[in-house]
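# Close look at the chain arrangement
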Number of protein chains: 2
Amino acid sequence: MPYVAPLKDMLFVLNELADLQVVASLPGCEEATPETVEAVLEENARFCSEVVAPLNRQGDQHPSTWKDGTVTTTPGFREAFKAYSDAGWQGVQHPTEFGGQGLPKLVATPCMEMLNAANLSFALCPLLTDGAIEALMTAGSDEQKQLFLPKFIEGRWTGTMNLTEPQAGSDLAMVRTKAVPQGDGTYRISGTKIFITYGEHDMSENIVHLVLARTPNAPEGVKGISLFLVPKYLVHADGSLGDRNDVVCVSIEHKLGIKASPTAVLQFGDQGGAIGTLIGEENRGLETMFIMMNAARFAVGIQGIGLAERAYQKAVSYAKERVQSRDLDGSANAVTIIHQPDVRRMLMSMKSQIEAARALAYVAASHFDIAHHHADENVRQRHQAIYEYMVPVIKGWSTELAIDVASTGLQIHGGMGFIEETGAAQYYRDARILTIYEGTTAIQANDLVGRKTVRDGGQLAHALMADIRQTYHALVAQATPDSQAIADRLEEAAAALEAVVNYVVQTMQSDIKAVFAGSVPYLKLAGIVLGGWQLARAACIAHERLQSGQGQREFLEAKVVTARFFAEHYLSQASALRSAIVEGGRSVMALEEAQF
Amino acid sequence: MPYVAPLKDMLFVLNELADLQVVASLPGCEEATPETVEAVLEENARFCSEVVAPLNRQGDQHPSTWKDGTVTTTPGFREAFKAYSDAGWQGVQHPTEFGGQGLPKLVATPCMEMLNAANLSFALCPLLTDGAIEALMTAGSDEQKQLFLPKFIEGRWTGTMNLTEPQAGSDLAMVRTKAVPQGDGTYRISGTKIFITYGEHDMSENIVHLVLARTPNAPEGVKGISLFLVPKYLVHADGSLGDRNDVVCVSIEHKLGIKASPTAVLQFGDQGGAIGTLIGEENRGLETMFIMMNAARFAVGIQGIGLAERAYQKAVSYAKERVQSRDLDGSANAVTIIHQPDVRRMLMSMKSQIEAARALAYVAASHFDIAHHHADENVRQRHQAIYEYMVPVIKGWSTELAIDVASTGLQIHGGMGFIEETGAAQYYRDARILTIYEGTTAIQANDLVGRKTVRDGGQLAHALMADIRQTYHALVAQATPDSQAIADRLEEAAAALEAVVNYVVQTMQSDIKAVFAGSVPYLKLAGIVLGGWQLARAACIAHERLQSGQGQREFLEAKVVTARFFAEHYLSQASALRSAIVEGGRSVMALEEAQF
């Protein structure tokens, strides 16, 4: 199944919703002129479609394999990764001083979407390297930066995140891997890490593990965790490779999906300890890891959008080809199934959710760029706060909807969808990891409730609500049936979200369990409202463009319809979520363990 | 993962909600005394848990294989099927005159649930044979009945349904398989049938295909389709086997799930035509097939419930074992994840949906039995109408929720859920066929809208609403906080369903596409309301029992909580569904094909 990048929608979102012009005017972002951005996206689209997308089925049919500690990736992956690096794609959003292109996150985000749409398994390797780069940029020593960043950006070395251990999944307080200082600035690391994506592979010259571990006498819990840099091959001061380090891939997992992406069990220190260096300060590893994780969480949200887009394209193509049953309008002959109302409903549900999630994610990337590049500290802080509120929503909601979209895509194929050769089933399997890794949806929801809502007393959320009401008024002023229908649903939904935010803030002290019983529904509600808001903004702008005769009529009209569909079928769920959260928290916790 | 049959809940539903006593008093159902029923269920539970359930993983890891036209099933399946037949389980609900046990459908239904929970792939073979038995009982000649029914019931022969062809899936009007009369009462059948479950296997001595085909000069469309009986081995008048018939299994599918169940492509007539006999009259094959299909649709709904129960049990067991993170109440040590509110929410969503769907399905089976055995024609008709309204809801809703439940079960396992060895992923894969075969959810929804709602002007649906309001009043009269909360949600939801039924009936003429654009949401709404109603009835009765000190307190209290949870988290969705259906139909159809 070919992949055609949805460049039209991407550019619309960048330009009309995510303020690309504003971002491009920020200090350090001047490269992002409209022409450059369009050229970069087109070239990335070509690369992803032609080089990476054809390997997606291949990866499912010929997963990475393990033998005697080495991993052989899917045929074609090595070459594709070399082409990816050679073309400079690893460096899109990274600083020019280390060899990157220095483009804003807003431009890197559609590139990320395209790569993931083309091939989720493949995209994970650069995604993890991005995280390692971000961690070193934030907390690495100058030496670490000089030694590692150019190699990462060149694609000669790749990065990994080593958090999970058999007893420590969602709860990092339970990490037991040890790091013993050697007095020479290095540490000896020993322990077992599991679920390490691209923890071992044959696509790069070196693999650099970022490892959470405890030094001797470190405090208990998350305050005693440090972050270490542990390369597979030791690195000399001149950047050349030395001996093999004491880290071994003892197996890879047999997974439901993303089979081409090797998920490693890594054993550190069986021969006396793997040699590592500290990143940042001792006992503050989790802070750095959180920077890396936030970047990765955003990226996993983008994975959801990319995968959903790919599943959607496949379903559309099948629906336009498959002839079955007559049209309900009474025509005599069988027609393609895209004429059937329920197939339409399914396609609209996919299309509208994807466009909502895409718009929200790109808008968040824009906030990130402003937060990092704006001259005014106050502006930076406000945008950073918005970005941080949005990250768990983008990760949690976009991945939950990706599973839904992939499942709907399979359904549109009918019986053929269940046959592996068709390919729709792969998306259904691949999608299923997205709500789990980089923090399950519940972990995202905890973040949304705790750090993002309760900590500031709901202030940021309320500020967003005020922005949403501006869109409401703009729609009402347009006074078309579409804009009024969208406006009404948006207002209702925003009121529901507002009520939930108030409930969460007010109830946290008195009944914490009832609040967290509604945390995932709150995240879902926030996704629907924020995503629906972006579509509402899009409809508003599309209407203006149509009025003034600018832009592509077909595309703009579709945007209005899509926003209205989303309002009627998704924003309309907001009140039910509100009542489930506000009234339904107690019944969640009411049973005894034995009653399950 | 062991399977423990939920006998407590099954018996509660049979006795308290589905009127087992009433059914047992019907002519022909006298065998179904409370003692017999309990003994049958216990014995079935033992058999399913001990013999069939252990083969479930086995079937996933060692699917059926095809070689040179023969299919070898998963190791152990042959023996298990023999044990199943020898114990008489194939005959539970079939007439004693052909060797069955003659028990009502109400008793066969929990048996079916247990078999499917134990092993969905395995259960499909008896399920299809049940369908063939039902078709012959309805339309077979005396000779066909005498020759085939005892063999089916003994489990020496099995049945299949041959509907689908490459160009004819949901639309049977497009069936092209030919049947040419030979003048001796037989026909020669030729054509290709696909997706034939257990179309070839090694578990029985003969396989009897029920095949839709067209005679020469038959009318176009569905009115020219006849049903034929085509055995793999020809059958002599004395029941002994003769020559191999001209039907060959040319391949089996490589599927996402239910891998042990062979899905065959059957080629009829490459050597001059497979010999078959007509079932019923020429050109009326679809009517008989619909009987078989209705039985099979109900059974697939039960598959959903069984699979969901199994996935739930696995998730509960993991949630009670896996230690991770501290309790939110502030205790110092990490606790099992069942203490986490979001895990609770997920478990409650699984438990409440399963119990709602189970209650609805068993109640429907009770209506079926009354419709088939009651002395009074008017009573029979009323119950038949209720059963027929419920069948598409049970098929469509129970299978959609099974996918949701299986996915939630996987989520509870975190990263381990994505690893195939854990087993949770198998349920996620297996469940995915349920909303497709025996008519997709959209096909069920078409049936609900067309034949079950519009045809009688919504009369039956309104009658159900009146029954629901009786439950509402009974709950209000109990005047507890739980009963009031449930009652309010039930009333709201029933009103939403009522509004939708009116909309469907009134809009069918003026805007048929808008109606069908909301058909699946209508089916979902009907499922939520009818299932929630059964839980509301259950809560009402549980409260009475608790008041009078009868029954098991723990179980009854859990039932009330579960009903309340369902009311707050699912019945609460009814209004949103109503508005999506009533107001959102036009936006579904508003785009041009080129805009997708």
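All values derive from a computational prediction rather than experimental measurement.

## What about the overall build of chain A?
Secondary structure summary: chain A contains 20 helices and 14 strands in total. Radius of gyration (C-alpha) of chain A: 24 Å, near the 25 Å computed for a compact globule of 596 residues. Counting across all 596 residues of chain A, residues that qualify as buried make up 64%. Across chain A, contacts joining residues at least 24 apart in sequence account for 75% of those joining residues at least 6 apart.

## Notes on the nonpolar core
By size, the foremost hydrophobic cluster in this structure holds 401 residues, and its most contacted members are A:Leu347, A:Trp397, A:Tyr522, B:Leu347, B:Trp397 and B:Tyr522. When residues no more than four places from it in sequence are discounted, the contact partners of B:Leu347 are A:Phe596, B:Tyr312, B:Ala315, B:Val316, B:Ala319, B:Ile338 and B:Ile412. Core analysis: the second largest hydrophobic core is formed by 17 residues, A:Tyr187, A:Ile189, A:Ile196 and A:Val247 among them.

## A closer look at the interface of chain A and chain B
Each partner contributes to the interface: chain A provides 91 residues, whereas chain B provides 91 residues. A per-residue breakdown of the area chain A buries against chain B is headed by A:Phe418, A:Tyr428 and A:Phe596, which together make up 11% of the total. The tally of links between chain A and chain B comes to four salt bridges. Across the pair B:Asp327 and A:Lys513 runs a salt bridge, and its minimum N-O distance is 2.8 Å. On the surface where chain A and chain B come into contact, there are 43 residue pairs in polar contact (both at pLDDT 80 or more). Here the residues of the side of chain A that touches chain B sort into 41 nonpolar, 25 polar and 25 charged.

## Observations concerning the UniProt feature "domain: Acyl-CoA oxidase/dehydrogenase middle" (unreviewed entry) in chain A
Per the UniProt record, "domain: Acyl-CoA oxidase/dehydrogenase middle" (unreviewed entry) is found at residues 161-269 of chain A. From the first C-alpha to the last, residues 161-269 of chain A spans 17 Å; its make-up is 0% helix and 47% strand.

## Points about the packing of aromatic side chains
Scanning the entire structure with this criterion turns up 25 aromatic pairs over all chains. Centre to centre, the rings of A:Phe298 and A:Tyr387 are 6.0 Å apart; their planes meet at 45°, and the pair counts as tilted. Note that A:Phe298 is positioned in helix H9 (residues 285-321) and A:Tyr387 in helix H11 (residues 377-412), a separation of 89 residues in sequence. For the pair shown, A:Phe298 and A:Tyr387 are each scored as buried. Plain terms: the ring middles of B:Phe12 and B:Phe555 are 5.3 Å apart, the flat faces sit at 65° to each other, and that makes the pair edge-to-face. Of the two residues, B:Phe12 sits in helix H1 (residues 7-17) while B:Phe555 sits in helix H18 (residues 553-569), which places them 543 residues apart along the sequence. Like B:Phe555, B:Phe12 is buried. Here the aromatic cluster, defined as three or more aromatic residues joined through ring pairs, consists of A:Phe47, A:Phe77, A:Phe81, A:Tyr84 and A:Phe122. When the ring centre of A:Tyr233 is taken as origin, the NZ or CZ atom of A:Arg244, which lies over that ring, is 5.6 Å away.

## Topic: the relation of the copies chain A and chain B
The transform that puts chain A on chain B rotates by 180° and translates by 0.0 Å along the axis, for an RMSD of 0.0 Å. On this basis, the relationship between the two copies can be described by a two-fold rotation axis.

## Quick notes on the pattern of salt bridges
Residues and elements named next belong to chain A. Following the criterion strictly, the structure yields 68 salt bridges over all chains and no others. Of the charged contacts, one joins Asp467 and Arg382 as a salt bridge, the two residues approaching to 3.4 Å between their closest N and O atoms. One end of the pair, Asp467, is in helix H14 (residues 459-478); the other, Arg382, is in helix H11, and 85 residues separate them in sequence. On the basis of relative accessibility, which here comes to 23%, the residue Asp467 falls in the partly exposed class. Linked by salt bridges that have partners in common, Asp9, Glu113, Glu309, Lys351, Glu355, Arg358 and Lys559 make up one network.

## Observations concerning the domain arrangement of chain A
Domain annotation for chain A reports domain 1 (7-154), domain 2 (158-283) and domain 3 (457-587). Of note, the centres of domain 2 of chain A and domain 3 of chain A, computed from C-alpha atoms alone, are 42 Å apart.

## A word on the UniProt feature "domain: Acyl-CoA dehydrogenase/oxidase C-terminal" (unreviewed entry) in chain A
UniProt annotation of "domain: Acyl-CoA dehydrogenase/oxidase C-terminal" (unreviewed entry) refers to residues 283-448 of chain A when read in the numbering used here. Between the first and last C-alpha atoms of residues 283-448 of chain A the distance is 25 Å; the span itself is 73% helix and 4% strand.

## Considering the environment of A:Arg553
Residue and element names in this part refer to chain A. Relative to the elements of secondary structure, Arg553 occurs in helix H18 (residues 553-569). For Arg553, a relative accessible area of 48% gives the class partly exposed. Separated by ten residues in the primary sequence, Arg553 and His543 place their C-alpha atoms 9.9 Å from one another.

## Topic: the state of the cysteines
Residues and elements named next belong to chain A. Considering all chains together, one arrives at zero disulfides over all chains under this definition. For the unlinked cysteine Cys48, the closest cysteine sulfur is that of Cys111, found at 7.5 Å. Here Cys249 is not cross-linked by a disulfide; its sulfur's nearest cysteine counterpart is in Cys125, at 14 Å. The exposure class assigned to Cys249 is buried, which follows from its relative accessible area of 2%.

## A word on the packing of helix H15 (residues 481-507) of chain B against helix H19 (residues 574-583) of chain B
All names here are of chain B. Interaxial distance between H15 and H19 falls to 8 Å at its minimum, and their mutual angle equals 15°. Accordingly, the angle class assigned to the pair H15 and H19 is roughly parallel. With respect to the hand of their crossing, H15 and H19 are arranged in left-handed fashion. In this structure, H15 contributes Glu492, Ala493, Ala496, Ala499, Val500 and Tyr503 to the contact, and H19 contributes Ala574, Ser575, Arg578, Ile581 and Val582. The residue makeup of the contact of H15 with H19, split by class, is eight nonpolar, one polar and two charged.

## Section: helix H10 (residues 341-373) of chain B
For H10(B), with 33 residues, the first-to-last C-alpha span of 47 Å sits near the 48 Å given by 1.5 Å per residue. In terms of burial, H10(B) is largely enclosed, as 31 of its 33 residues are buried.

## Quick word on the packing of helix H1 (residues 7-17) of chain A against helix H3 (residues 34-52) of chain A
All names here are of chain A. Between H1 and H3, the least distance of the axes is 11 Å, while the angle of their chain directions is 150°. Regarding the angle of H1 to H3, the classification is roughly antiparallel. In this structure, the crossing between H1 and H3 has a hand that is right-handed. For the pair formed by H1 and H3, the contact residues are Leu7, Leu11 and Leu14 on the first element and Val37, Glu38, Leu41, Glu42 and Ala45 on the second. Here the contact of H1 with H3 is built from residues that sort into six nonpolar, no polar and two charged.

Conventions used here
Residues numbered from 1 in each chain as written. Chains lettered and ligands numbered in written order. Predicted model: local features only at pLDDT ≥ 70, side-chain atom pairs only at ≥ 80, totals over all residues. Heavy atoms only, no water. Helix = DSSP H or I, 4+ residues; strand = E, 2+ residues; numbered from the N terminus. Rg over C-alpha atoms; globule rule 2.2 N^0.38 Å. Buried < 20%, exposed > 50% of the residue type's maximum accessible area, 1.4 Å probe, protein only. Contact = heavy atoms within 4.5 Å. Core = buried A, V, L, I, M, F, W, Y, C linked by side-chain atoms within 4.5 Å. Buried area = accessible area lost by both parts, 1.4 Å probe. Salt bridge = Lys/Arg side-chain N within 4 Å of Asp/Glu carboxyl O. Polar contact = N/O pair within 3.5 Å; in protein donor to acceptor, adjacent residues only side chain to side chain. Nonpolar A, V, L, I, M, F, W, Y, C, P; charged D, E, K, R; others polar. UniProt positions renumbered as here; feature names shortened; annotations may be inferred. Phe/Tyr/Trp six-rings, centres within 6.5 Å; stacked < 30°, edge-to-face > 60°. Lys NZ or Arg CZ within 6 Å of the ring centre and 35° of its normal. Least-squares fit on C-alpha atoms with pLDDT ≥ 70 in both. Domains from an automatic or database assignment. Disulfide = S-S within 2.5 Å. Axes fitted to C-alpha atoms, helices over the stretch in contact; angles between N-to-C directions. Parallel < 35°, antiparallel > 145°, perpendicular 65-115°, else oblique. Left-handed = near helix turned anticlockwise from the far one by under 90°. Expected span 1.5 Å × (residues − 1).

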